[in-house]
Amino acid sequence: AGPASLARWTLGFCDERLVPFDHAESTYGLYRTHLLSRLPIPESQVITINPELPVEEAAEDYAKKLRQAFQGDSIPVFDLLILGVGPDGHTCSLFPDHPLLQRILEDQEENPLPAALVQPHTGKLCWFLDEAAARLLTVPFEKHSTL
């Protein structure tokens, strides 16, 4: 339905640091600056942490916001999740040129890293990479246009 359909999206974040949104480590801050400012998604449909709260309160506040956004679902069901991969293989942080990407996507680990175990219950798992990261892979991949 085109860009107008984005106005119906609800966005949440799975990898946020408890820092002000204008801090360089704020996931939401980076998305707001580099992506959300270019899309017609109302700010009211973006679920964020409250960085002014202590960590436990911020987590509970965020959980409450998710429950409100996904009323009737005991566990929120997202249509799309964007997860990075951290240096120890956890999902939600991926640093440029990190060799873990190849270890995760090429599936040659005797004891796979956590990110390699991600499998949706329904739908399809897709990994979106920048060209520099994709060049490290020896497995086939599709190249798509950018935003």
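The present account deals with the structure reproduced in this document. (Residues numbered from 1 in each chain as written. Predicted model: local features only at pLDDT ≥ 70, side-chain atom pairs only at ≥ 80, totals over all residues. Heavy atoms only, no water.)

**Focus on the overall build of the protein chain**
Okay, step 1: Scanning the protein chain from N- to C-terminus turns up 4 helices and 0 strands.
Okay, step 2: Within the protein chain, residue pairs in contact and separated by at least 24 positions form 48% of the contacts whose partners lie at least 6 positions apart.
Okay, step 3: Of the roughly 10,800 Å² of accessible surface on the protein chain, a fraction of 55% belongs to carbon and sulfur atoms. (Helix = DSSP H or I, 4+ residues; strand = E, 2+ residues; numbered from the N terminus. Contact = heavy atoms within 4.5 Å. Areas by Shrake-Rupley, 256 points an atom, 1.4 Å probe, with all protein chains shown as cover.)

**Concerning the side chain of Thr48**
Okay, step 1: Along the chain, the position of Thr48 falls in the loop between helix H1 (27-34) and helix H2 (55-69).
Okay, step 2: With residues up to four places along the chain from it excluded, the contact list for Thr48 reads Phe13, Phe21, Tyr28, Tyr62 and Lys65.

**As for H2**
Okay, step 1: The end-to-end C-alpha distance of H2, which contains 15 residues, comes to 21 Å, matching closely the 21 Å that a straight helix rising 1.5 Å per residue would cover.
Okay, step 2: Along H2, the residues that are buried comprise Ala58, Tyr62 and Leu66. For H2, the buried positions fall inside an angular range of 75° around the axis, keeping them on one side. (Expected span 1.5 Å × (residues − 1). Buried < 20%, exposed > 50% of the residue type's maximum accessible area, 1.4 Å probe, protein only. Arc of directions from axis to C-beta.)

**A word on the packing of aromatic side chains**
Okay, step 1: In this structure the tally under the stated criterion is 3 aromatic pairs.
Okay, step 2: On the basis of an interplanar angle of 75° and a centroid distance of 5.7 Å, the ring pair of Phe13 and Tyr28 is categorised as edge-to-face. With Phe13 in the segment before H1 and Tyr28 in helix H1, the pair connects residues that are 15 residues apart, well separated along the chain. We note that Phe13, like Tyr28, is buried.
Okay, step 3: Judged by relative accessible area, which is 2%, Tyr28 ranks as buried. (Phe/Tyr/Trp six-rings, centres within 6.5 Å; stacked < 30°, edge-to-face > 60°.)

**Some details on the nonpolar core**
Okay, step 1: Leu6, Leu11, Phe13, Tyr28, Leu36, Ile41, Val46, Ile47, Ile49, Tyr62, Leu66 and Phe70 form the largest nonpolar core, which has 12 residues in total.
Okay, step 2: Residues Leu100, Leu101, Ile104 and Leu113 belong to the second largest nonpolar core, which totals 8 residues. (Core = buried A, V, L, I, M, F, W, Y, C linked by side-chain atoms within 4.5 Å.)

**Focus on the pattern of salt bridges**
Okay, step 1: Going through the model one piece at a time under the given rule, you end up with 3 salt bridges.
Okay, step 2: Notably, a salt bridge pairs Arg17 with Glu25, separated by 3.5 Å at the nearest N-O pair.
Okay, step 3: The exposure class assigned to Arg17 is partly exposed, which follows from its relative accessible area of 26%.
Okay, step 4: The salt bridge partner of Arg67 is Glu60, with a shortest N-O separation of 2.9 Å. (Salt bridge = Lys/Arg side-chain N within 4 Å of Asp/Glu carboxyl O.)

**Points about the environment of Arg135**
Okay, step 1: You can see Arg135 is positioned in the segment after helix H4 (131-134).
Okay, step 2: Taking the relative accessible area as the measure of exposure, Arg135 reaches 61% and is therefore exposed.

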